[in-house]
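Each chain, written out:
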Amino acid sequence: MSAIATRYEVVVGLEVHAQILTQSKMFCGCSTDYLTAAPNANTCPVCLGLPGSLPVINRRAVEATIRTALALNCEIPEFSKFDRKNYFYPDLPKGYQISQYDLPFSRNGYLEFDLKGEAKRCGITRVHLEEDTGKLLHEGAIHEAQASLVNFNRAGVPLMEIVSEPDLRSADEAREYVMRLRAILQYIGVNDGDMESGQLRCDANVSLRPVGSPDLGTKVEVKNMNSFRAIHRAIEYEIGRQTEVLEAGGRLAQETRGWNDARGLTVSQRSKEYAEDYRYFPEPDLPPLDVSRKWVAEIRAGLPELPAARRERFMTALGLSPYDASLLTASRPMAAFFEETVRLGAPAKTAANWILGDFSRLLNADRKEIDEASIKPVHLQQLISLIDSGAITGKMAKQTFEAMYGAPDAGPALEAARGSTQISEDAELDRIVDQVIAENAKSVADFKAGKAPALKFLIGQGMKVSKGRANPQRLDALLREKIS
Amino acid sequence: MPEPESELSSRQVEHVARLARLGITPEEVLRYRDQLRNILHHIEALNRADTSKVPATAHPLEERNIMREDRREPSLPAEAALRNAPSRDDSYFKVKAIQE
Amino acid sequence: MKLFQRTIRDLHQMLVDREISSVELTAAVLDQIDAVGDKTKAYLLVTRELALRQAHAADERLRAKRDVRPLTGIPIALKDVLCVTDVASTAGSKILGGFTPPYSATVVERLEAEGAVFLGKTNCDEFAMGSSNENSGYWPVHNPWALDRVPGGSSGGSAAAVASGEAIAALGSDTGGSIRQPAALTGIVGMKPTYGRVSRYGLIAFASSLDQIGPMTRDVVDGALLLQAIAGHDPRDSTSSSRPVPDYLATLADGVKGMRLGVPKEYFVDGMEPAVEQSIRDAIRLLEQQGASIEEVSLPHSDVALPAYYIIAPAEASSNLARYDGTRYGFQAGGGRNIIEEYMLTRQQGFGAEVKRRIMLGTYALSSGYYDAYYLQAQKVRTLIIEDFKQAFKKVDALLGATSPTAAFELGAKTQDPVAMYLNDIITIPANLGNVCGISVPGGLVDGLPIGLQVIAPGFQEEVALRVAYAFEAATEFHNARSPLMGAAA
Ligand SMILES: [Zn+2]
């Protein structure tokens with residue numbers, strides 16, 4: 001690997017497709033909820049491409065695209081339009097996709113991220129808006145299939161294409177870029193970030209060039225990676241494959257290759273020799289758009305705090321390490337969970353450790369998001385306070401946490417843990433109260449003299465002696481009884 | 001007969017037909033080639049107009065920013081969406097295999 | 001006079017006065033279709049039951065005097081490029097054989113709301129591509145004035161239906177002259193409104209930046225009435241204008257006194273029949289006698305309008321027609337070993353020769369390496385043509401010329417020569433490229449065949465074109481001439 005690293009430089013550019021969270025489709029009023037609907041139930045003359053139907057632009061999708069572009073530090077040109085991209089495929093009902101060609105909503109942005117403590121910046125070529133295609137189901141394996149089934153529920157769902165510059169230099173950088181990008185999309189509320197269901201999709205252009213060469217090598221487009229892990233593995237594989245070809249004195253073909261996750265390799269899909277000619281031209285059915293500075297300013301004003309700023313704040317105001325701050329801000333729900341836990345009184349470092357440790361491990365195993373878990377910030381904060389007060393040991397806390405996580409409601413599990421450790425038997429409490437009275441004669445006298453706060457102090461002493469395990473209500477009652 | 005460089009060739013006709021997914025017989029290739037050459041010959045007149053400082057008109061109207069609000073409207077009843085399908089399988093449109 | 005010979009305005013009065021019922025009127029027109037339909041071949045589909053059902057409903061409305069509109073109970077034909085819910089809509093193409101849309105075009109909904117009666121779908125050139133109706137995927141249409149002649153195209157079926165008494169009025173569509181030219185060749189009135197005046201939603205697209213739906217009627221008043229019913233903004237068509245629609249009848253009879261009318265010298269093209277030219281010169285003199293001032297104007301880029309059109313329209317069409325792949329609706333060839341073969345077979349067998357020719361031409365014009373020389377250049381020429389009209393309309397209120405350089409020609413006369421056929425549209429095409437409106441009004445008979453006077457007005461000034469056309473019509477008897485198939489007015 002080190003010999004390779006000195007001879008070739010890895011050049012990766014990513015094309016990320018992100019569905020936009022809208023109620024209705026890009027050009028018609030059909031629902032975008034294509035995952036749960038019956039096949040072809042969310043279709044109409046427009047998204048089925050019936051003769052005579054016409055598209056009408058969804059304003060929210062346009063604004064979400066500009067919102068994304070602003071979050072990625074892009075320029076927003078004052079004039080934009082839609083174009084037709086012409087090609088035939090059974091999932092494309094009109095025989096063309098309405099997309100953007102030479103005047104997209106944005107260009108020239110960048111995304112900053114951090115890799116092992118090193119600051120990186122990747123250029124964003126453009127963010128443009130288009131419509132998603134339908135979905136094909138193959139009867140059997142795609143190669144042997146005699147027929148495919150088409151469902152147009154997804155056809156016309158608003159889709160952003162975020163194209164990066166070829167600025168990424170390793171599989172690690174590529175994965176980190178997509179993680180950061182995903183976090184931003186979630187933060188600004190334009191996309192759920194779900195890669196497995198295809199709401200977020202990533203294609204990579206991978207090439208190698210001799211170190212020091214300004215020219216780009218032969219580019220291979222890798223498709224079909226539907227997790228961060230797949231992106232990393234596919235690019236690693238492709239770097240290895242291309243290196244082998246070049247080392248053997250061979251030539252690389254400019255082609256599209258699909259990532260096969262099960263077999264852990266890329267497979268040639270089609271050669272770019274007969275490159276498609278998409279015959280782009282301005283979409284005559286849609287008047288162009290003047291993107292006024294006022295409109296852009298309004299969209300900018302609606303942007304929330306972005307992950308980079310939040311990460312900075314977690315480091316400076318809460319004292320987190322850059323690494324922890326990065327991980328926590330990678331997902332908006334996770335960052336929000338963390339912040340709420342701290343706001344309720346938990347120490348930041350402890351809360352971060354729990355969230356990034358046991359909690360993330362359990363969530364990952366279940367493929368769940370933090371906001372889907374039964375444990376809420378208040379539960380974690382109380383658990384942490386039990387540990388801090390010494391009421392339960394670290395080992396017990398771990399078991400308690402897992403019990404809370406596994407229960408449909410974390411509350412009772414937390415109470416049970418608290419209850420099981422509490423001393424409620426009068427015999428043992430008697431002993432504790434006697435000890436407190438014996439050791440705090442002055443406070444006892446104060447209380448007798450009518451100074452109410454003295455009792456609070458005595459209860460506190462009782463909690464201390466019992467290592468937090470005494471039931472405070474019972475302590476209160478017993479102390480009053482014995483002193484009076 | 002060799003074809004002059006500047007004129008539409010049979011190969012180009014075949015390429016264009018393929019792009020447009022139009023099946024075409026060898027006789028049709030020749031017929032379309034000759035007809036399209038003749039039409040393109042007349043279309044050459046376009047270059048008589050000096051357009052060096054002229055913007056293109058892609059959209060005839062001055063209307064801009066025509067958009068709808070993001071609101072759901074009823075989709076077609078499932079049967080209405082599918083009833084014209086030449087081939088279907090349950091609620092899916094059925095098409096020939098993708099791979100050759 | 002027989003009912004099917006009358007105008008919308010006449011019939012409306014008779015319906016309102018309960019002199020006749022809509023069912024009676026509809027039956028009379030359906031009988032005329034039965035009588036002469038085999039000769040004209042104007043319809044692809046006659047919706048007899050739908051028509052009678054709608055006529056009954058219209059009669060209810062008339063009886064109750066509830067929301068009676070100018071078109072309530074009037075039998076109208078629809079060009080087959082217009083979608084009507086549950087009614088076969090094929091655009092004259094085999095590739096849409098059997099297609100019944102689950103929705104209606106906006107204009108169809110508007111006519112339904114008026115209480116109009118739909119007689120059926122009229123024949124047309126396949127996907128509206130043609131000037132003689134010989135490119136229909138089904139059968140050619142015959143001109144009611146001379147059955148061996150073409151009715152013009154592409155709205156030839158609508159024109160023949162109105163001219164033969166098989167409809168009181170009809171809707172057509174005009175991309176490069178497809179309403180005006182057949183109207184001229186069959187002796188009726190046909191109007192192409194300004195692009196954006198009438199919603200295109202539900203119009204099976206030929207060339208999206210040029211297509212417009214418009215009225216085809218016996219006279220100018222009927223044209224104004226029908227346009228009034230269909231014009232106006234539609235949120236489902238992003239290219240439909242939100243400008244208010246004026247009352248077209250209000251200014252119709254204002255006359256041309258004091259108006260400035262221009263005669264573009266370029267519109268007297270090579271190959272124009274001398275008798276046609278003479279009729280147009282006579283028409284211009286007549287309007288001058290009515291008090292209009294006439295001046296010659298120049299539209300210097302008229303000679304490049306035809307080539308620009310034959311790039312822009314086929315390019316857009318090549319994309320618009322990509323959806324006809326046999327997988328979701330219409331014809332499917334079967335027999336392909338995979339999807340690409342299946343596409344090629346379906347489109348090879350489903351489309352006719354002219355449509356394929358234009359798809360190839362348009363695909364070529366958009367393809368890599370040729371886009372700038374053809375498509376982009378054509379769009380720039382379009383800008384010049386728009387500018388030509390703007391300059392001319394600084395000097396004059398409307399323009400006058402022939403609609404077609406010749407009267408109706410014989411069937412088969414030009415089918416072997418696409419370019420000769422394309423030249424038919426040479427004086428109608430500029431109005432489509434130039435975003436203006438145009439109307440063809442009967443301009444006399446040449447050797448017993450009708451010819452048309454074309455009036456072109458600035459964009460969104462349909463009322464100006466209608467007013468000039470009406471002044472001419474009021475001063476002539478040409479619109480009262482009836483085709484032999486329609487029969488003499490008794
Ligand atoms: Zn839809």
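Residues numbered from 1 in each chain as written. Chains lettered and ligands numbered in written order. Predicted model: local features only at pLDDT ≥ 70, side-chain atom pairs only at ≥ 80, totals over all residues. Heavy atoms only, no water.

(A) Examining the coordination of the zinc ion more closely. Residue and element names in this part refer to chain A. Around the zinc ion, the protein supplies C28 (SG), C30 (SG), C44 (SG) and C47 (SG) as donor atoms, at distances of 2.3 to 2.4 Å. Between the 4 donor atoms coordinating the zinc ion, the angles at the centre fall across 101 to 117 degrees, so the site counts as tetrahedral. Each donor residue of the zinc ion belongs to the same chain, with the gaps between them written as C-x1-C-x13-C-x2-C. For C44, a relative accessible area of 10% translates into the label buried. (Donors = N, O, S within 2.8 Å, 3.2 Å for Na, K, Ca; no water. Tetrahedral: all angles 85-135°; square planar, octahedral: opposite > 155°, others 65-115°. Buried < 20%, exposed > 50% of the residue type's maximum accessible area, 1.4 Å probe, protein only.)

(B) Geometry of the interface of chain C and chain B. Counting residues at the interface gives 66 residues for chain C and 53 residues for chain B. Each partner contributes to the roughly 5100 Å² buried at the junction of chain C and chain B, and carbon and sulfur atoms together form 64% of this total. Applying the counting rule to chain C against chain B returns 3 salt bridges. Put simply, E342 of chain C and K96 of chain B hold a salt bridge, and the shortest N to O gap is 3.0 Å. (Contact = heavy atoms within 4.5 Å. Buried area = accessible area lost by both parts, 1.4 Å probe. Salt bridge = Lys/Arg side-chain N within 4 Å of Asp/Glu carboxyl O.)

(C) View of the sheet that holds strand β15 (residues 281-282) of chain A. Across the sheet, which stays open at both edges, the 3 strands sit in the order β5-β4-β15 (chain A) with antiparallel pairing between neighbours. The sheet is open, and its two borders are formed by β5 (96-99) and β15 of chain A, each paired with just one other strand. Pairing geometry for strand β4 (residues 83-86) of chain A and β15 of chain A, over 2 bridges, is antiparallel. Residue D83 of chain A lies in a different strand from β15 of chain A, and its bridge partner there is P282 of chain A. The sheet contacts of helix α9 (residues 305-320) of chain C involve β4, β5 and β15 of chain A, and relative to β4 of chain A the element is tilted by about 60 degrees. (Pairing = 2+ DSSP bridges. Helix = DSSP H or I, 4+ residues; strand = E, 2+ residues; numbered from the N terminus. Axes fitted to C-alpha atoms, helices over the stretch in contact; angles between N-to-C directions.)

(D) Expanded view of the interface of chain B and chain A. Taken together, the contacts link 30 residues of chain B with 56 residues of chain A. Between chain B and chain A, a total of about 3700 Å² is buried, with carbon and sulfur atoms accounting for 59% of that surface. When the buried area of chain B at its contact with chain A is split by residue, M67, R68 and D70 of chain B rank highest and sum to 19% of it. On the surface where chain B and chain A come into contact, there are 2 salt bridges. The shortest N-O distance in the salt bridge between E69 of chain B and R59 of chain A comes to 3.0 Å. Viewed at the interface, chain A and chain B are joined by 21 residue pairs in polar contact (both at pLDDT 80 or more). (Polar contact = N/O pair within 3.5 Å; in protein donor to acceptor, adjacent residues only side chain to side chain.)

(E) How the structure looks around the packing of helix α1 (residues 10-19) of chain B against helix α11 (residues 353-366) of chain C. Interaxial distance between α1 of chain B and α11 of chain C falls to 9 Å at its minimum, and their mutual angle equals 95 degrees. By the angle between their directions, the pair α1 of chain B and α11 of chain C is classed as roughly perpendicular. Contacts between α1 of chain B and α11 of chain C pair Q12, V13, V16, A17 and L19 of chain B from the former with M360, T363 and Y364 of chain C from the latter. Partitioning the contact of α1 of chain B with α11 of chain C into residue classes produces 6 nonpolar, 2 polar and no charged. (Parallel < 35°, antiparallel > 145°, perpendicular 65-115°, else oblique. Nonpolar A, V, L, I, M, F, W, Y, C, P; charged D, E, K, R; others polar.)

(F) Expanded view of the side chain of E131 of chain A. You can see E131 of chain A is positioned in strand β7 (residues 118-131). Setting aside residues no more than four positions away along its own chain, E131 of chain A makes contact with M26, F27, K94, Y96, Q97, I98, G156, V157 and L159 of chain A.

(G) Examining the domain arrangement of chain A more closely. Looking at chain A, the domain boundaries give domain 1 (2-297), domain 2 (305-420) and domain 3 (426-483). The distance between the C-alpha centroids of domain 2 of chain A and domain 3 of chain A comes to 34 Å. (Domains from an automatic or database assignment.)

(H) Highlighting the environment of E298 of chain A. Note on placement: E298 of chain A falls in helix α5 (residues 293-301). The spatial distance from the C-alpha of E298 of chain A to the C-alpha of R67 of chain A is 9.8 Å, given a sequence separation of 231 residues.

(I) Quick look at the pattern of salt bridges. Tallied over the full model, the rule gives 66 salt bridges over all chains. The partner of D172 of chain A in a salt bridge is K116 of chain A, with the nearest N and O atoms 3.1 Å apart. Of the two residues, D172 of chain A sits in helix α3 (residues 171-187) while K116 of chain A sits in the loop between β6 (106-115) and β7, which places them 56 residues apart along the sequence. Here D172 of chain A falls in the partly exposed class, since its relative accessible area comes to 23%. Taking the shortest distance from any N to any O, the salt bridge between R83 of chain B and D86 of chain C comes out at 2.9 Å. You can see R83 of chain B sitting in the loop between α3 (78-82) and β2 (88-89) and its partner D86 of chain C sitting in the loop between β2 (75-79) and α4 (106-114), one on each of two chains. Here the salt bridges do not stand alone but share partners, grouping R84, E283 and D285 of chain A together with R200 and D237 of chain C into one network.

(J) The arrangement of helix α14 (residues 441-448) of chain A in detail. Residue and element names in this part refer to chain A. For α14, every residue scored as buried is listed here: S443, V444, D446 and F447. Taken end-on, α14 shows its buried residues confined to a sector of 160 degrees, consistent with a single buried face. In α14, the exposed positions angled more than 90 degrees off the buried face are occupied by A441, K442 and K448. Next to the buried residues of α14 lie α13 (426-439), α15 (453-465) and α16 (472-483). Among the residues trailing α14, G450 stands out with phi positive, at a value near 100 degrees. (Arc of directions from axis to C-beta.)

(K) Geometry of the packing of aromatic side chains. Inspection of every chain in the model, using the stated rule, returns 29 aromatic pairs over all chains. When the centroid spacing of 6.3 Å and the interplanar angle of 55 degrees are considered together, the rings of Y237 of chain A and W259 of chain A count as tilted. With Y237 of chain A in helix α4 (residues 228-247) and W259 of chain A in strand β13 (residues 255-260), this residue pair connects regions lying 22 residues apart in the sequence. Classification of W259 of chain A as buried rests on a relative accessible area of 3%. Ring geometry for F472 of chain C against F478 of chain C: centres 6.1 Å apart, planes inclined by 40 degrees, an arrangement best described as tilted. Under the relative-accessibility criterion, F472 of chain C is labelled buried at 1%. Clustering of aromatic rings is evident, with ring pairs tying together F337, W354, F359, F401 and Y405 of chain A. Above the plane of the ring of Y110 of chain A lies R121 of chain A, whose end atom (NZ or CZ) is 3.6 Å from the centre. One Lys or Arg, R281 of chain C, reaches over the ring of F268 of chain C and ends 3.8 Å from the middle of that ring. (Phe/Tyr/Trp six-rings, centres within 6.5 Å; stacked < 30°, edge-to-face > 60°. Lys NZ or Arg CZ within 6 Å of the ring centre and 35° of its normal.)

(L) Region of interest: unusual backbone geometry. Residue and element names in this part refer to chain C. S154 follows G153 through a cis peptide bond whose omega is 10 degrees. Structurally, S154 can be placed in the loop between β3 (117-122) and α5 (156-164). A positive phi angle is found at N133, which is not glycine, with a value near 65 degrees. Mapped onto the elements, N133 comes out in the loop between β3 and α5. Even without being a glycine, D447 presents a positive backbone phi close to 50 degrees.

(M) Local environment of the confidence of the model for chain B. All names here are of chain B. In the predicted model, chain B carries a mean pLDDT of 91, and 94% of its residues have values of at least 70. For residues 1-5, every residue scores under 50 in pLDDT, and the model assigns this stretch 5 contacts once sequence neighbours within four places are set aside. Across the interfaces of the predicted complex, the ipTM metric reaches 0.97, alongside a pTM of 0.89. (pLDDT = per-residue confidence, 0-100.)

(N) Inspection of the state of the cysteines at higher detail. Residues and elements named next belong to chain A. Within the structure shown, the criterion is met by 0 disulfides over all chains. As a non-bridged cysteine, C202 has C122 as the owner of its nearest cysteine sulfur, 11 Å distant. By relative accessible area, which is 2% here, C202 ends up buried. (Disulfide = S-S within 2.5 Å.)

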